[in-house]
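# Chains, contacts and geometry: an overview
What follows is each chain in one-letter form.
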Amino acid sequence: MLYFWDMIRVITLLVLMLFSWQSYAQCDTSRYISSILNVIDVQTDVEYGQAPQWSFPYFNETLLMDVYQSLLDPIEKRPCMIWAHSGAFSIGDKQADDMVALCDSFARRGYVTASIGYRKGFNPLDAASSERAVYRGLQDGRAAYRFLVENHEIYGIDTTKIFVGGSSAGALIALHLAFMEEDERPESSFNQFLAPDLGCIDCSGNNFQHEVNPLGIIGLWGAIGDTTWVNSDVNTLLAHGTNDPIVPFESGPPFQFFTLPDVYGSSLIHERLQNQGFSSELIVAEGEGHEPYGTINGAWIGPPNNFWEELFSSAEEFCFELIRPQEFVVSGPEFICEGQNHIFSVELGAGESVCWEIEGGDYQETSDEEITVQITGQSGIITAFIYNEVGAASESSSIIVQAAPSPDVAWDVSLEQNVLEYSVLTLYDTSWYLNGLLISEENIGSVPLKTEGEYTVSLEVVNEFGCATTYSEEFTYVIDNRDEYSNSLTEVKLSSGVLSLKSEVITKVKLYDVMGRLLYENEATEHVMSEYSGVYILSFSNSEERSALKIVFP
């Protein structure tokens, strides 16, 4: 069975890689912010440890979690969320409605999620007993964290991107897990009358040795036992109703029971974090009570309300901003040479890749950090997204490119006898070519033509952006040898492919091609021949002389 799922995963990965390789029009940026995975596997009752119950005779109870993930996800290392349910450390279950909704929804976005059970039970008439309940929950939360780190390869988890969240009692677990350190253990966690020492914060549940260092904390209507414990920079998202009678928005005993110790709610935790310059966000449900998104002890009492939508969107964005690659810049020219290839690049970190979107151009080739593009019009937009190892996409970075304008130059070429003269008026760099051979890099010059034939003179002008514009003109040079062969011809003129002859007396003219075929024959003082191209032999005769002339039509 494992082999079957491994094959499905490999095939899915290959299909996605092929799609990504062939497509340069639209990059996929939906992971972690949209539901992209349709089939979620739930592995229930995964044992992550054992720990003593709260009361005599302190038998061990098994600590269980439910793990949600997609078995078809091609990403091998994914961020993880650990959620802890509500219930005042007395009731509740890891399969509470809100925990299932959170775990399933975030798993569909690409996370590995886990809803944990933890030890419950305490004496509400004993302040020390309630403190010990919170401490046991802290220990169980840390044990669950260490278990998932230990088994990160099995579940496909990136251990640098683990979030811990909870509702009510679960939020107390998350907040104490994030902020309480070993030397801040409450006195009640040590030996008490008829109550054993609970041990260090990582001395319960399992023996896995891993640092507990969450990337972010989500505390829903939670509190902490002492705000002085909040002295480390942990990215924190808090939500709380201002009229919460169960866990105070500011401070006071839970349930307003005088037998319970004071705790400090989201308002004061947020204030403490901000005063220290740490990252914190507080969503305030003005005038609302406990669990304002529509549950009681985690069970829906109706459809999820508007506050659920607001909270979920905020949690989604909060986590995504922490796992996505940071800002970057696309490097490349802002002015391009039309019809030429140009290179655009980004700087990638370890495990990162890039996806390009091209508007107004054609993709030519690419490497790990570069893309070669030919802009097809007067402008284009090159956009890049960077993906990290967990497949999270960065914000886009774009560069707008404009086609450099062609230089407006005045140039001229003339042929006098066998001397070709050329000139151009411009401040840009120039190069002159004759039949593809460089003859000059000056603005003005001349060159003698030694042989007859077809010639192309080209002017290349390079502007300030390094873009070359080429201007060219074709012409035919014919050696005028009439004086050598005939004194009666008064004019031999070749212009725009038309040969005209004039003579003083009636002359018989014949035009032959190089194969000896007669193409034209007439007897007159003026002759006009056109619509030919190539090399021909022209013969003419009259009463005084007979001669021949080689002629080249353009």
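Preceding block: the structure.
Here goes a summary of the coordinates provided. (Residues numbered from 1 in each chain as written. Predicted model: local features only at pLDDT ≥ 70, side-chain atom pairs only at ≥ 80, totals over all residues. Heavy atoms only, no water.)

Attention shifts here to the packing of helix α3 (residues 127–150) against helix α5 (residues 169–179). Running from amino to carboxyl end, α3 crosses α5 at an angle of 70 degrees, the nearest separation of the two axes being 8 Å. The orientation of α3 relative to α5 falls into the category roughly perpendicular. Across the interface between the two elements, Val-134, Gly-137, Leu-138, Gly-141 and Arg-142 of α3 pack against Leu-172, Ile-173, His-176 and Leu-177 of α5. A breakdown of the residues in the contact of α3 with α5 according to their chemical character gives five nonpolar, three polar and one charged. (Axes fitted to C-alpha atoms, helices over the stretch in contact; angles between N-to-C directions. Helix = DSSP H or I, 4+ residues; strand = E, 2+ residues; numbered from the N terminus. Parallel < 35°, antiparallel > 145°, perpendicular 65-115°, else oblique. Contact = heavy atoms within 4.5 Å. Nonpolar A, V, L, I, M, F, W, Y, C, P; charged D, E, K, R; others polar.)

Bringing the packing of aromatic side chains into the picture now. Evaluation of the coordinates by the stated rule reveals 18 aromatic pairs. Where Phe-106 meets Phe-312, the ring centres are 4.8 Å apart and the plane angle is 35 degrees; that geometry is what we call tilted. Remark: Phe-312 occurs in helix α7 (residues 306–323) and Phe-106 occurs in helix α2 (residues 97–108); sequence separation between them is 206 residues. Each member of the pair, Phe-106 as well as Phe-312, carries the same accessibility label: buried. Cluster of aromatic residues (ring-pair linked, three or more members): Tyr-32, Phe-106, Tyr-111, Trp-221, Tyr-293, Trp-300, Phe-307, Trp-308 and Phe-312. The ring centre of Tyr-32 lies 5.2 Å from the NZ or CZ of Arg-31, which sits over that ring. (Phe/Tyr/Trp six-rings, centres within 6.5 Å; stacked < 30°, edge-to-face > 60°. Buried < 20%, exposed > 50% of the residue type's maximum accessible area, 1.4 Å probe, protein only. Lys NZ or Arg CZ within 6 Å of the ring centre and 35° of its normal.)

The subject of this paragraph is the layout of surface pockets. Size it by volume and the second largest pocket reaches roughly 530 Å³. Taken together, 31 residues form the lining of the second largest pocket, with Phe-89, Val-134, Leu-172, Pro-254 and Val-263 sitting closest to its centre. For the lining of the second largest pocket, the secondary-structure elements that each account for two or more residues are α3, α5 and β12 (295–296). Per-element accounting of the lining of the second largest pocket gives the leading share, five residues, to α3. Here the residues of the lining of the second largest pocket sort into 20 nonpolar, eight polar and three charged. (1 Å grid on protein atoms, 1.4 Å probe; cavity = no way out; pocket = protein on both sides within 12 Å on 5 of 7 lines; lining within 4 Å. Points joined across faces, edges and corners; volume = space filled by probe spheres on them.)

Moving on to the sheet that holds strand β3 (residues 78–84). Pairing is mixed across the open sheet formed by eight strands, whose spatial order is β1-β2-β4-β3-β5-β6-β8-β11. A single partner strand is all that each edge strand has here, and the edge strands are β1 (41–52) and β11 (280–285). Looking at each pair of strands side by side, their axes are set apart by 20 degrees on average, direction ignored. Direction of pairing for strand β6 (residues 216–220) relative to strand β8 (residues 235–241): parallel, over a ladder of five bridges. Note on β8: the bridge partner recorded for Gly-216 is Asn-235. Where α3 meets the sheet, its contacts fall on β1, β2 (60–69), β3, β4 (112–116) and β5 (157–167), and the angle it forms with β1 comes to roughly 125 degrees. (Pairing = 2+ DSSP bridges.)

Now for the sheet that holds strand β25 (residues 444–448). A sheet is described by the order of its strands in space; here three strands give the open sequence β21-β22-β25, paired in antiparallel fashion. With one partner strand each, in any of the chains shown, β21 (410–416) and β25 form the two edges of the open sheet. Within the sheet, the average angular offset between the axes of one strand and its neighbour, ignoring direction, is 15 degrees.

No statement about biological role is implied by the geometric values presented.
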